Amino acid sequence: MSGRLELRRGTVVSEDPLLVEVASERRPAWADKVLLGEMREGDEVVVNVAALDLGLGSGGFDVVHVNLTRGLDGGGAGDEHVIKLNYSSLQHAVEPVEGTAVRENRAIRGKGAPLSEEVPVLVLPLHGHLAPAAWAAAEASPGLRVGYVQTAGGALPGSLSRDVAELRERGLLCGHITAAPAYGGEHDALSTVGALDAAANRLGWDAILAGPGPGIIGSNTEFGHGGIAALDTAHASLSLNLPTLISPRLSSSDPRERHQALSHHTHTVLELLLASVRIAAPANPDLERGGQALEELRSFAPRHLLLEAPADLAAYAASGLPSTTMGRQLQDDPLFFAAPLAAGHLLTE
């Protein structure tokens, strides 16, 4: 049985960083300005305290549910009539990127026939792979138009990711679609397959990075984790006949045994896939646990095709892009970052 919403009243005491005083305690918070508008010092708010009270590492802050002082002034009404977060208290209208232009273009080519079968999709296991994969793709293919499709499996608000904002500012991402339950990107899609189709056939992307937002969910079970979203994403890509590449979750120093070398997240996805995909692997023989991870990935041949590429860890570290995962620096867990660097390098090959 599901638990009740953990909602508390509080007062904004700082705007940047956002701090809310709840029962005489100052607590870090986050507000989705796309839906809720600006927060100002002195505003009376209602916050969801569940993540902070549970001590979640990737969600260790309260989330503003509503601003009682300013109301819901995040945006005005438009002509949209399709709802996201439907039947929740935060349901709101969006204009789906799966638009008439795509349907009309499909009708010209024939029912069910994608306009482009050349746009590769790199399936990411978690948000920490996004920045290194985007950087490596740009290094390997300067000028490549690479965009990001945010799927289920992690944070749903598109505005939460600092990585996306920085990658867009640097020109390393050409766009951002929030798919299915995720919302608030530059474009909203009602399904992952719709997002991939629009990216390839309407928005003119050359390549697609697709994976969860920040803060992957998990339950220490085989199927109950956000990484399983990669299975749905890969199947969506394969259904459109798009070249599909998997960036595996690897680690040389994760304290949890189930994530060392090849993570059980990726292992499960590779076992459950209904069709063959390409798997990226770093060709860096000196990486701790790298040899073990490579052997585990090779065990999926010939069903899946393993491709190796070098991962330039030193150059990525010098780029200034995010290089921390769950508190571990790149030098502490180089294998984690080597996987998406190799995958980004291989994206267009």
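Relevant structure appears above.
Residues numbered from 1 in each chain as written. Predicted model: local features only at pLDDT ≥ 70, side-chain atom pairs only at ≥ 80, totals over all residues. Heavy atoms only, no water.

Concerning the packing of helix α4 (residues 130–140) against helix α11 (residues 334–346)
Note the cut-off: Simply put, an axis is a line fit to the C-alpha atoms, just over the touching stretch for a helix, and the angle between two N-to-C directions goes from 0 to 180 degrees. Where helices and strands are cited, they refer to DSSP runs of H or I of at least four residues and of E of at least two residues respectively, numbered from the N terminus. We call a crossing left-handed when the near helix sits turned anticlockwise from the far one by less than a right angle, and right-handed when that turn is clockwise. For this analysis, residues touch if any pair of their heavy atoms sits within 4.5 Å.
Here α4 crosses α11 at 35°, and the two axes come no closer than 7 Å. Here α4 and α11 pass one another in a crossing that is right-handed. Contacts between α4 and α11 involve P132, A133, W135, A136, A137 and A140 from the first element and F337, P340, L341, G344 and H345 from the second.

Looking at the sheet that holds strand β9 (residues 146–151)
Stated precisely, the cut-off is as follows: Pairing between two strands is assigned when DSSP locates at least 2 bridges connecting them.
Taking strand neighbours across the sheet as the criterion, the eight strands line up as β11-β10-β9-β12-β8-β13-β16-β17 in an open arrangement whose pairing is parallel. Strands with a single pairing partner mark the edges of an open sheet, and in this sheet they are β11 (187–189) and β17 (305–309). Put simply, the sheet's adjacent strands are angled 25° from each other on average, direction ignored. Taken together, the five bridges between strand β16 (residues 278–282) and β17 define a ladder with parallel strand orientation. Following the sheet pairing, I279 is matched in β17 by L306. On the sheet, α11 packs against β8 (121–123), β13 (244–246), β16 and β17 and is oriented at approximately 125° with respect to β16.

Some words on the side chain of S252
Here is the rule: Remark: exposure states derive from per-residue accessible area (1.4 Å probe, protein chains only) relative to the maximum for the residue type, with buried under 20%, exposed over 50%, and partly exposed in between.
One can find S252 in the loop between β14 (250–251) and β15 (261–262). Relative accessible area serves as the criterion here: at 5%, S252 is assigned to the buried category. Every residue in contact with S252, bar those within four places of it in the chain, is listed here: E288, R289, D332, D333, P334 and L335.

Some thoughts on the packing of aromatic side chains
For the record, the criterion: Any two rings among Phe, Tyr and Trp, with Trp reduced to its six-membered ring, count as a pair given centres within 6.5 Å; such a pair is stacked if its planes are under 30 degrees apart, edge-to-face if over 60, and tilted if neither.
Counted under the stated rule, the structure contains three aromatic pairs. An angle of 70° between the planes, with centres 5.5 Å apart, marks the rings of W135 and Y316 as edge-to-face. You can see W135 sitting in helix α4 and its partner Y316 sitting in helix α10 (residues 313–318), a full 181 residues away along the chain. Like W135, the residue Y316 is buried in the burial classification. Through pairs of rings, three or more aromatic residues link up here, namely W135, Y316, F336 and F337.

Quick notes on the pattern of salt bridges
Rule in force here: In what follows, salt bridge is the name for a side-chain nitrogen of Lys or Arg lying within 4 Å of a carboxyl oxygen of Asp or Glu.
Under the defined criterion, the tally for this structure stands at 15 salt bridges. The partner of R9 in a salt bridge is E44, and the shortest N-O contact between them spans 2.2 Å. With a gap of 35 residues between them, R9 in strand β1 (residues 7–15) and E44 in strand β4 (residues 44–48) connect regions that are remote in the sequence. On the basis of relative accessibility, which here comes to 31%, the residue E44 falls in the partly exposed class. Between R40 and E38 there is a salt bridge, with the nearest N and O atoms lying 3.5 Å from each other. Its relative accessible area of 33% is what places R40 among the partly exposed residues. One salt-bridge network, in which partners are shared between bridges, spans E15, K33, E38 and R40.

A look at α4
For the α-helix, the turn length of 3.6 residues means that residues three or four positions removed from each other point alike. The buried fraction of α4 amounts to eight of the eleven residues, a majority that puts the element mostly inside the structure. Every buried residue belonging to α4 is among L130, A131, P132, A133, A134, W135, A136 and A137, and all of these are buried. Structurally, α4 contributes buried residues whose contacts are with β8, β9, α5 (162–169), β12 (207–212), α10 and α11.

Here's the deal with the environment of E288
On the secondary structure map, E288 appears in the loop between β16 and α9 (290–298). The exposure class of E288 is exposed, given its relative accessible area of 54%. In this structure, the C-alpha to C-alpha distance between E288 and R303, residues 15 residues apart in sequence, is 26 Å. Aside from chain neighbours lying at most four places away, what touches E288 is S252 and L335.

Things to note about helix α7 (residues 229–239)
For α7, the full list of buried residues reads A229, A230, L231, T233, A234, A236 and S237. Directly beyond the C-terminal end of α7, a positive phi value near 60° is found at N241.

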